[in-house]
Amino acid sequence: MYKRTKHGSCPFVYSLLYRSKGIDLDFHQPFFANHDLNKKSDPISMARRTHTTHLACIACDELTELGAGKEGWLVDNTNLLTSLDSHSLAIANSTLVLIFDWSEVSDDPSGLRVKIRPGLSQIDGNITAMNWLVFDDIRVLAFGTSNGYLMIYSLGGDLIHKQMVHPGRILKLRVRGTKKDLMQDSSTEELCVVMPGVIARFDGSDIQSLLQRWFQETNSHFWDQSRKKDVIYFGNSYGRLPYQLWNVVKYGSCADAAITGIMSPPLMELQSSQRYYCAVTVGNGAVISAYRLSEDRSRSLVGAILSKVVPATFSTIASFSKMIWRSEQTSPKKPEEKPQPFARASPLTCLKDHPRKGEQLTLAPSGTLAAITDSLGRILLLDTQALVVVRLWKGYRDANCLFMEMLVGKDTASSSSASYEPLKSDYCLCLAIHAPRKGIVEVWQMRTGPRLLTIQCSKGSKILQPTYRFGSSEASSSAYVPLEVFLFNGDSGQLSVLNRSLN
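Attention now goes to the overall build of the protein chain. Summing up its helical and strand segments, the protein chain has seven helices and 28 strands in all. Burial status across the protein chain gives 45% buried among its 503 residues. Accessible surface computed for the protein chain: about 26600 Å², of which carbon and sulfur atoms make up 53%.

Reading across from one edge, E22-E23-E24-E25 is the order of the four strands in this open sheet, with antiparallel pairing throughout. The outermost strands of the open sheet, each flanked by one partner alone, are strand E22 (400-407) and strand E25 (451-456). Pairwise comparison of adjacent strand axes, ignoring direction, gives a mean angle of 25 degrees for this sheet. In this sheet, E25 lies alongside strand E24 (residues 440-445) in antiparallel orientation, the contact comprising five bridges. Bridge pairing in E25 places Glu442 opposite Thr454.

Below, the discussion takes up the environment of Cys192. Here Cys192 is to be found in strand E11 (residues 188-195). Overall, Cys192 belongs to the buried group, its relative accessible area being 2%. Sequence-wise, Cys192 and Ala257 are 65 residues apart; in three dimensions their C-alpha atoms are separated by 9.0 Å. In this structure Cys192 touches Lys172, Leu173, Arg174, Ile199, Ala200 and Ile259, once residues within four positions along its chain are discounted.

Taking 1.5 Å of rise per residue, 16 residues should cover 22 Å, and helix H5 (residues 204-219) covers 22 Å from first to last C-alpha, within 8% of that figure. Three or more residues of H5 are buried, namely Gly204, Asp206, Ile207, Leu210, Leu211, Arg213, Trp214 and Glu217.

All right, on to the sheet that holds strand E15 (residues 276-283) then. The strand order across the open sheet built from four strands is E14-E15-E16-E17, with neighbouring strands paired in antiparallel fashion. The strands lining the two open edges of the sheet, one partner per strand, are strand E14 (254-263) and strand E17 (345-351). Ignoring strand direction, the axes of neighbouring strands in this sheet form an average angle of 20 degrees. Two strands pair when backbone bridges link them, and strand E16 (residues 288-294) and E17 are joined in this way by six bridges, in the antiparallel orientation. If you follow Leu293 over to E17, its bridge partner there is Ala345.

Here we take up the nonpolar core. Ranked by size, the top nonpolar core spans 29 residues in total, and within it Leu133, Val165, Phe202 and Leu211 carry the most contacts. Of all the elements in the fold, those that place two or more residues in this core are strand E6 (127-134), strand E7 (139-145), strand E8 (149-154), strand E10 (172-178), E11, strand E12 (198-203), H5 and strand E13 (243-247). A total of four residues in this core trace back to one element, the largest contributor, which is H5. Not counting residues up to four positions away in its chain, the partners in contact with Val165 are Gly148, Leu150, Val193, Met195, Ala200, Phe202, Tyr243 and Leu245.

Our next topic: empty space enclosed by the protein. Counted under the stated rule, the structure contains one cavity of 30 Å³ or more. For the largest cavity, the calculated volume is near 50 Å³. Lining the largest cavity are 13 residues, with Tyr251, Gly252, Thr281, Ala286 and Ser289 positioned closest to its centre. Of all elements in the fold, only E15 and E16 reach the threshold of two or more residues within the lining of the largest cavity. Considering only residue class, the lining of the largest cavity consists of six nonpolar, seven polar and no charged.

Before going further, it helps to spend a moment on the pattern of salt bridges. Applying the stated rule across the entire model yields 17 salt bridges. Linking Arg447 and Asp383 is a salt bridge whose minimum nitrogen-to-oxygen distance equals 3.0 Å. Of this pair, Arg447 sits in the loop between E24 and E25 while Asp383 sits in strand E20 (residues 379-383); the two residues are 64 residues apart in sequence, bridging distant segments of the chain. Here Asp383 falls in the buried class, since its relative accessible area comes to 10%. For Arg500, the salt bridge is made with Glu484, and the minimal N-O distance between the two is 2.7 Å. With Arg500 in the segment after strand E28 (494-498) and Glu484 in the loop between strand E26 (461-464) and strand E27 (486-489), the pair connects residues that are 16 residues apart, well separated along the chain. Given the relative accessible area of 17%, Glu484 is considered buried. Overlapping salt bridges bring together Glu65, Lys115 and Arg117 as one network.

Quick look at the packing of aromatic side chains now. The description of an aromatic ring pair uses the distance of the two centres, along with the angle that the planes make with each other. Overall, the coordinates contain nine aromatic pairs when judged by the stated rule. Aromatic side chains Tyr427 and Tyr480 sit 5.7 Å apart centroid to centroid with 55 degrees between the ring planes, which places their arrangement in the tilted category. In this pair, Tyr427 is assigned in strand E23 (residues 427-435) and Tyr480 in the loop between E26 and E27, connecting sequence segments 53 residues apart. Here Tyr427 falls in the buried class, since its relative accessible area comes to 10%. An aromatic cluster of at least three residues, connected via ring pairs, comprises Phe135, Tyr468 and Phe470. Above the plane of the ring of Tyr149 lies Lys162, whose end atom (NZ or CZ) is 5.7 Å from the centre.

Cut-offs and rules
- Position numbers for residues count from 1 along each chain, tracking the sequence in the order it is written.
- Only residues with pLDDT of at least 70 are given local features in this predicted model, and only at 80 or more are side-chain atom pairs given and counted; all residues enter the totals for whole chains, interfaces and linings.
- Neither water nor hydrogens contribute to the side-chain values; these are computed over all heavy atoms in the structure.
- Only runs of H or I of at least four residues qualify as helices and only runs of E of at least two qualify as strands under DSSP, and these elements are numbered from the N terminus.
- Classification of residues uses two cut-offs on accessible area relative to the type maximum, computed with a 1.4 Å probe and protein chains only: under 20% is buried, over 50% is exposed, and between them is partly exposed.
- The protein chains shown are the only cover counted for residues, whose accessible areas, like all others here, come from Shrake-Rupley with a 1.4 Å probe.
- Strands qualify as paired when DSSP identifies two bridges or more between them.
- Orientation is described by axes fitted as lines to C-alpha atoms, over the contacting stretch for helices, and by angles from 0 to 180 degrees between their N-to-C directions.
- The contact definition used throughout considers only heavy atoms, calling two residues in contact when any of these lie within 4.5 Å.
- To estimate the expected span of a helix, subtract one from its residue number and multiply by 1.5 Å.
- Working definition of a nonpolar core: buried Ala, Val, Leu, Ile, Met, Phe, Trp, Tyr and Cys residues. They are joined through side-chain atoms within 4.5 Å.
- The way it works is a 1 Å grid over only the protein atoms, where trapped points that fit a 1.4 Å probe form a cavity and open points with protein on both sides within 12 Å along at least five of seven lines form a pocket, and then any residue with an atom within 4 Å of a point lines it.
- Grid points are joined across faces, edges and corners, and a volume is the space filled by probe spheres set on the points.
- Following the grouping adopted for this structure description, the nonpolar residues are Ala, Val, Leu, Ile, Met, Phe, Trp, Tyr, Cys and Pro, the charged ones are Asp, Glu, Lys and Arg, and the polar ones are all others, Gly among them.
- We define a salt bridge as a contact between a side-chain nitrogen of Lys or Arg and a carboxyl oxygen of Asp or Glu at a distance within 4 Å.
- Each aromatic pair joins two rings of Phe, Tyr and Trp (for Trp, the six-membered one) with centres within 6.5 Å, and gets the label stacked for planes under 30 degrees apart, edge-to-face for over 60, and tilted for any other angle.
- A ring has a charge above it when a Lys NZ or an Arg CZ is no more than 6 Å from the ring centre and no more than 35 degrees off the ring normal.

If you want it as structure tokens, here you go:
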């Protein structure tokens with residue numbers, strides 16, 4: 001029990017007193033050592049401080065088709081999906097996609113909006129996952145469906161590719177890449193498809209090759225109506241994308257999962273050219289579980305060459321055969337897709353704590369840290385290499401987390417110069433935690449640093465992050481672009497970005 005005085009010495013009373021003046025106290029921080037409680041502060045000057053920068057407003061009549069018009073429509077509808085590129089935002093429900101672009105300057109605001117209605121059949125199912133696929137000159141949208149199909153659409157609404165991954169609901173599409181450094185002996189770029197108890201991995205180079213073939217044919221005016229019908233009917237007119245598939249249901253069905261990176265092979269197994277990945281899953285049976293995924297490279301050298309050559313030649317052969325043997329009387333029989341067999345997935349460890357359930361997982365850019373939310377309002381910071389929880393937050397129900405980079409403690413003469421461009425080493429990795437029940441976004445320094453700031457946000461807000469751009473790790477740029485977090489207020493349509501610096 002706290003001893004009471006006439007001013008009330010309980011921290012809870014101090015919290016109420018200062019919150020009434022617009023000051024939020026954090027008793028986990030050394031506040032009393034650096035602040036004088038008897039000294040009067042200026043709450044007006046503190047309220048004027050802002051840590052976000054306004055970017056755009058996308059409020060329009062088209063949003064009513066997605067449910068806009070009532071408070072909290074963006075977060076209350078669990079079927080709504082959002083995906084952010086550097087200057088574009090895609091919002092989708094089960095059958096409709098709206099794309100907003102604020103990079104172009106136009107007198108007609110309607111020219112900055114694109115509407116896509118994917119042609120989904122009962123066999124395809126509804127849209128359940130969405131993410132951008134961004135290469136140098138190509139930007140497309142990838143969708144996952146409730147029946148296990150991966151579909152790639154152009155911004156013009158044309159279906160580029162459709163392929164069955166595995167029967168079941170696709171929960172999430174993750175796009176990420178890691179570059180070669182001291183921790184990683186090779187660079188990897190991938191699209192990870194997450195399903196209940198299943199993980200699939202598509203290599204970024206295979207996706208890029210398919211999109212380049214599509215891009216070359218569209219620019220050479222080879223894309224005609226018969227070609228579009230082939231893609232809609234067969235789904236893979238540019239060749240089938242090779243991928244690996246793993247069953248990760250050892251500790252129960254997963255609600256979210258991610259491939260964290262390449263890992264070393266087992267000690268008792270012979271060294272070979274086979275590659276191993278580490279995967280972390282969260283779900284009902286186990287809050288956290290980890291697996292070693294074995295890449296299936298049992299094919300011969302001839303088979304590996306054919307897997308690269310066949311997709312490229314299939315497109316040309318199919319086109320010429322249609323020109324020679326074009327017939328309207330007989331319709332081609334659609335090939336029946338068979339589920340791909342699973343590669344080996346070896347369980348490493350798990351954390352079971354009934355009735356706690358893992359809900360969401362967010363990876364740091366390097367893949368060495370993961371923020372995991374659970375059903376009891378806790379956030380766990382996991383070291384994915386040691387597979388150890390290194391930090392824990394409590395009291396964050398329904399929270400969402402995103403990693404970001406900020407300039408912390410860089411108030412030098414050189415950094416204040418207008419011509420100075422911060423380097424990658426100047427930025428510090430942080431974790432942004434959106435607590436919708438509290439109406440705030442907090443930013444914490446990694447791994448064990450303090451809370452850097454707290455931002456007030458409305459009920460209908462959501463934090464977003466631009467998707468990974470393929471080839472970005474190898475691109476040479478004069479200025480380093482840090483990992484940023486955006487704040488989207490669905491009720492007002494305002495989109496803002498969290499500032500890179502505290503000052």
